[in-house]
Amino acid sequence: MAAGSLQDITDRRRNEDALRELTTRLEQSLVMQRLVMDNSLDVICVIDANGRFAQVSAASERVWGYPAKDLVGRAFLDLVHPDDRGRTLRANADILSGRPTFDFRNRYMHKDGHAVTMQWSSVWSARERLVFSVARDISLLESQSQALLHANDSLQRAQDIARMGAWELEIATGRLSWSEQVYRIFRVKPDEFAGTFEAMALRVHPDDLPMLQAAQAHALRGEAELDVQHRILLPDGGIGHVHERARLLRNDQGAPWLLSGSVQDITEAKRQEALLRDSEQRMRTTVYSAFDCIVTMDAEGDIRKFNPAAERTFGYRRDQVIGRKLADVLLPPEHRAAHTQGLSRHVATGKAKVLGRRLEMTAMRTDGSQFPVELTITVLGETTPPVYTGFLRDITEAKRIERMEAGQREILAGIAARRPLRESLEAITRLYEQQYPAALCSVLLLDEAGERVLHGAAPSLPDTYNLALHGVAIGEGVGSCGTAAARGERVVVSDIEHDPLWKDFAALALEHGLRACWSTPVKSAEGRVLATFATYYRDVREPSATELAAMDSMAAMAAMAIEQDGAYRQLALSEQRFRSLFEEHPDAVYALDMEGRFTSLNGHLWNRPRPRRRACSAACSTSWSRRNSATWYARISRRRPAAWPATMNSRPSPRAAAASTCG
């Protein structure tokens, strides 16, 4: 006789597969978080309730000069600029009270001592008692910012496969039998369990017991199989999670006989599900709040993720791009073939030229306009086929600032080299026009009386228009420039046709297609108006803060050029007057250096009558000591002109580099 048993382990296999899937998803989530931490261009950090860094991304070394490992455990307030610490502490108190911030700005001190202006986005997690923050260096873009919530990497892998045990409830007697595994799940010994449903109910979480009782009642009536998840109370006060399944067995007469079931410990799976939810929520929050564009693409080149920053930057809604080819949506036509070839090569061979590198390239918005971006591409884990994540930042403003600074340096060098004023003014207008191609710039100089405007530079405006404005008197209502010069303040006219300041000049402007004009007075160091710097546009429009700041910068350079030119002119006039006085003076005029040598002299020094020279010599000699007179005479005798009178033995005083007359 042979005996054996047969057990259906389908459910156990299904749960084991589900647990493995959860573990895989957790691992991918961790990898994705690490990629964000390592590749984000912003500083992502986690700060504990005591104000100390618990985790810092790799960008801290580039932004603050400190490697991430040097900051962990250090108080964040140590890095804050002393003048900003008070309001930073107040902002931190608000965050700890549950009020997140998305645009707090302060200054951090770089390791080398200079201040770095930061824009912060922070949120407090009461559950983990941590502040999740992202900070962007906006020092150069106070002109090209915000909040990135990032989860820490406290997630851990699931370590144990769910355990499963069997139980049987005899309907006639009410006796409940457990297998050894069930005892281990409930963490009780056989002699500690009475073997009844009531005894088991005492170990079920009170909030879940009604649900379990209702499910069991349905099963005993044969209405449905029991399939329920609930919590259990553990002897140490902890809470466990189990998944119970059972079916009703009937005897030969068809009467209910036994409720046979299984119980699986899903505590670890529940914990991992909770961690996964938190992780995915943090990741969604991170991606949603990131300053940088985060775009994920599959091996076919199709877009799979597109965060809000990407929506704002490219002008697409997420639902408009998901599933579409990235090359067709975000890249200019001239770059698409190279992108497709590079993607195919990496999928086929694993070789790539751009992965893990910071690149500058051109991207394309929904309206077809192109703009420069900084890009980093990484591969998510070791998935097959690969999944690519790109981190992009619009660097249009940074590039504009670079070009502006280079142009300013060139203009200032020209001013220092005494470049003609007209050339300097034209260079200033063209520099602004390069940054804002729709602008047509003009510099109008004021005459010496400060009453009329004179043409200075306007290379992009029609000559007829410039000629019409030359010599116009300034005053209220004399267009933008005449009014700005009279008021000594900026005048912005967004609609020339309907603005009263242009009442007498609107026809002239409209005739040349000019619809808007913003003018800024160019002032000297003393505050006197020297000129106006204006920008015209061929459509009605208001200026942005960045455009007005750029105009002020151009006006400052124009003032420098005008004042420098005026100083050169005054110096030249002064030198001419002195030269004329020196050369045409009726008396002998000369200059000596500290050694008593002639540095300059006019022709009268040796062309005058000798009696006069002797009289002069005698008069000049009266205040000298004999020793100084002899020394000077010996020097000058060796250096006197050929026409010097031999009889002249006067000895004038050799005062340092002084001009003297003898008359």
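Residues numbered from 1 in each chain as written. Predicted model: local features only at pLDDT ≥ 70, side-chain atom pairs only at ≥ 80, totals over all residues. Heavy atoms only, no water.

Visitor: Please explain the overall build of the chain as it appears in this structure.
Guide: Helix and strand content of the chain: 21 helices and 23 strands. The burial tally for the chain puts 45% of its 663 residues in the buried class. In the structure as shown, the chain presents an accessible area of about 34,600 Å², 50% of it carried by carbon and sulfur atoms. (Helix = DSSP H or I, 4+ residues; strand = E, 2+ residues; numbered from the N terminus. Buried < 20%, exposed > 50% of the residue type's maximum accessible area, 1.4 Å probe, protein only. Areas by Shrake-Rupley, 256 points an atom, 1.4 Å probe, with all protein chains shown as cover.)

Visitor: Sorry if this is basic, but what is going on with the packing of aromatic side chains here?
Guide: Working definition: an aromatic ring pair is given by the centre-to-centre distance plus the angle between the planes. Under the definition given, this model contains 15 aromatic pairs. Arranged with centres 5.0 Å apart and planes meeting at 40°, the rings of Tyr432 and Tyr436 form a pair that is tilted. Like Tyr432, the residue Tyr436 is buried in the burial classification. A centroid spacing of 5.6 Å and a plane angle of 85° characterise the contact between Tyr465 and Tyr536, whose relative ring orientation is edge-to-face. Here the residue Tyr465 occupies a position in helix H15 (residues 463-469), and Tyr536 occupies one in strand S20 (residues 529-537), the gap between them amounting to 71 residues. Each member of the pair, Tyr465 together with Tyr536, is buried. Ring pairs connect the aromatic residues Phe53, Trp64, Tyr108 and Trp120, which therefore count as one cluster. If you follow Arg365 out to its NZ or CZ, it ends over the ring of Phe371, 4.0 Å from the centre. Positioned over the ring face of Tyr537 is Arg541, at 4.3 Å from the centre of the ring. (Phe/Tyr/Trp six-rings, centres within 6.5 Å; stacked < 30°, edge-to-face > 60°. Lys NZ or Arg CZ within 6 Å of the ring centre and 35° of its normal.)

Visitor: I keep staring at the packing of helix H13 (residues 396-416) against helix H14 (residues 421-435) and nothing clicks. Help me out?
Guide: Two measures define how a pair of helices packs: the angle their axes make with one another and the distance between the axes. Relative orientation of the contacting elements H13 and H14 amounts to 175°, with a least axis distance of 10 Å. The orientation of H13 with respect to H14, classified from their angle, is roughly antiparallel. Here Arg400, Arg403, Met404, Gly407, Gln408, Ile411 and Ile415 of H13 come into contact with H14, specifically with Ser424, Ala427, Ile428, Leu431 and Gln435. Counted by class, the contact of H13 with H14 contains 6 nonpolar, 4 polar and 2 charged residues. (Axes fitted to C-alpha atoms, helices over the stretch in contact; angles between N-to-C directions. Parallel < 35°, antiparallel > 145°, perpendicular 65-115°, else oblique. Contact = heavy atoms within 4.5 Å. Nonpolar A, V, L, I, M, F, W, Y, C, P; charged D, E, K, R; others polar.)

Visitor: For this particular structure, what's the right way to read the sheet that holds strand S16 (residues 440-446)?
Guide: Picture the strands of a sheet paired through backbone hydrogen bonds; they go either parallel or antiparallel. Overall, antiparallel pairing links the 5 strands, which are arranged S17-S16-S20-S19-S18 in an open sheet. Looking at the sheet topology across the chains shown, the edges are occupied by strand S17 (453-457) and strand S18 (491-493). Across the sheet, the mean angle from the axis of one strand to that of its neighbour is 25°, orientation sign disregarded. Here 8 bridges tie strand S19 (residues 516-523) to S20, and the two strands are oriented antiparallel to one another. When the bridges of S20 are listed, Cys517 appears paired with Tyr536. Relative to S16, H14 is tilted by about 145°, and along the sheet it contacts S16, S17, S19 and S20. (Pairing = 2+ DSSP bridges.)

Visitor: Looking at this model, I keep getting lost on the nonpolar core. Mind explaining?
Guide: Proteins that are soluble and globular tend to have nonpolar side chains buried together. Counting residues in hydrophobic clusters, the biggest one holds 31 residues, and the most contacted among them are Leu425, Ile428, Tyr432, Val522, Phe533, Met554 and Ile562. Among the elements of the structure, H13, H14, S16, S19, S20 and helix H18 (545-584) are those that each provide at least two residues to this core. A total of 10 residues in this core trace back to one element, the largest contributor, which is H18. Setting aside chain neighbours within four positions, we find Tyr432 in contact with Ala439, Cys441, Trp518, Phe533, Thr535, Tyr537, Glu547, Ala550, Met551 and Met554. Formed by 28 residues, the second largest nonpolar core is a distinct cluster that contains Trp167, Val188, Ala215 and Ile232. (Core = buried A, V, L, I, M, F, W, Y, C linked by side-chain atoms within 4.5 Å.)

Visitor: What is the right way to look at the environment of Ile239 in this model?
Guide: With respect to the helices, strands and loops of the structure, Ile239 is situated in strand S9 (residues 239-250). If near-sequence neighbours (up to four positions away) are discounted, Ile239 is found in contact with His205, Arg231, Ile232, Leu233, Leu234 and Thr267.

Visitor: So what exactly am I meant to see when it comes to the state of the cysteines here?
Guide: Disulfide: a covalent bond formed between the sulfur atoms of two cysteine residues. Under the counting rule described, the total for this entry stands at 0 disulfides. Of all cysteine sulfurs, the one in Cys481 lies closest to Cys517, which takes part in no disulfide; the gap is 4.7 Å. (Disulfide = S-S within 2.5 Å.)

Visitor: Would you take a moment to explain the pattern of salt bridges for this structure?
Guide: For the coordinates displayed, the defined rule picks out 29 salt bridges. Here Lys399 ties to Glu360 by a salt bridge, and the two come within 2.9 Å at their closest N and O atoms. Within this pair, whereas Lys399 is found in helix H13, its partner Glu360 is found in strand S13 (residues 358-364), the two being separated by 39 residues in sequence. Salt bridges here are not isolated pairs; linked through shared partners, they connect Asp42, Arg136, Asp292 and Arg393. (Salt bridge = Lys/Arg side-chain N within 4 Å of Asp/Glu carboxyl O.)

Visitor: Teacher, can you tell me more about unusual backbone geometry here?
Guide: Phi is mostly negative for residues that are not glycine, and the peptide bonds are mostly trans. Unusually for a residue other than glycine, Arg129 sits at a positive phi of about 55°. Positionally, Arg129 belongs in the loop between strand S4 (115-125) and strand S5 (130-137).

Visitor: Is there a simple way to explain H13 in this structure?
Guide: In an α-helix there are 3.6 residues to a turn, and that puts residues three or four apart on one side. Look at H13: 30 Å from first C-alpha to last across 21 residues, which is about the 30 Å you get at 1.5 Å a residue. What H13 keeps buried is the set Glu397, Arg400, Ile401, Met404, Gly407, Gln408, Ile411, Gly414 and Ile415. One face of H13 carries all of its buried residues, which in axial projection span an arc of 150°. Exposed side of H13, more than 90 degrees from the buried face: Arg409, Glu410 and Ala416 are the residues found there. With its phi angle positive at about 65°, Arg418 sits one or two positions after the end of H13. (Expected span 1.5 Å × (residues − 1). Arc of directions from axis to C-beta.)

Visitor: I'm lost on the sheet that holds strand S14 (residues 370-379) in this one. Help?
Guide: Pairing within the open sheet is antiparallel, and its 5 strands lie in the order S12-S11-S15-S14-S13. Edge positions in the sheet fall to strand S12 (303-306) and S13, since each has one partner strand and no second. Shown here is a sheet whose adjacent strand axes are inclined to one another by a mean of 30°, direction ignored. Across 5 bridges, strand S11 (residues 293-297) lies against strand S15 (residues 388-394) in antiparallel orientation. When the bridges of S15 are listed, Val295 appears paired with Gly390.

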